[in-house]
Amino acid sequence: MSGIEEAQRQLLQKIHTEGVLAAYEAALSVCRDPKAPAPARATASATLFRVAGYFDRKGEGDRDKEPHEMTPEELTRAVRHAQRQLQTAPTAEDGIFD
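Residues numbered from 1 in each chain as written. Predicted model: local features only at pLDDT ≥ 70, side-chain atom pairs only at ≥ 80, totals over all residues. Heavy atoms only, no water.

Colleague: Sorry if this is basic, but what is going on with the overall build of the chain here?
Modeller: When its secondary structure is counted, the chain shows three helices and zero strands. N-terminal to C-terminal, the α/β element order of the chain is α-α-α. Counting the 98 residues in the chain, one finds 9% classified as buried. (Helix = DSSP H or I, 4+ residues; strand = E, 2+ residues; numbered from the N terminus. Buried < 20%, exposed > 50% of the residue type's maximum accessible area, 1.4 Å probe, protein only.)

Colleague: I tried to follow the pattern of salt bridges on my own but got confused; where do I start?
Modeller: Side-chain pairs of opposite charge can arise where the charged atoms are in close proximity. As enumerated under the stated definition, the model contains one salt bridge in all. In this structure, glutamate 6 engages arginine 9 in a salt bridge whose closest nitrogen and oxygen atoms are separated by 2.7 Å. With glutamate 6 and arginine 9 both in helix H1 (residues 3–32) and three residues apart, the pair spans about one turn of that helix. Residue glutamate 6 is classed as partly exposed on the basis of its relative accessible area of 26%. (Salt bridge = Lys/Arg side-chain N within 4 Å of Asp/Glu carboxyl O.)

Colleague: Got a minute to help me understand the confidence of the model for the chain in this structure?
Modeller: Detailed reading of the predicted coordinates is not advisable wherever pLDDT is low. Averaged over all residues, the pLDDT of the chain is 83; the fraction at 70 or higher stands at 83%. Helix H3 (residues 72–88) is the least confidently modelled element of the chain, averaging 85 in pLDDT, while H1 averages 93, the highest of any element. (pLDDT = per-residue confidence, 0-100.)

See below:
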């Protein structure tokens, strides 16, 4: 691994740990600040809800099923969906500095 690749790896590690935690804390503090402008509070709260997955849910009955709860057809669809996501997911070679 070259020095550049190692630096990228270390930076990504910090972004995934320190950066995400800082972003979460910032959004939460904006939500809790009664003096923050309403649009900022709305944006911060929507971001937290979106990350938590609440905007993707239609109701409690629509929650994702566990594999043991699925029919064979549902399992097939879930596997195909996961395969499509893996094909389009960024890889380690898709560094942030490319």
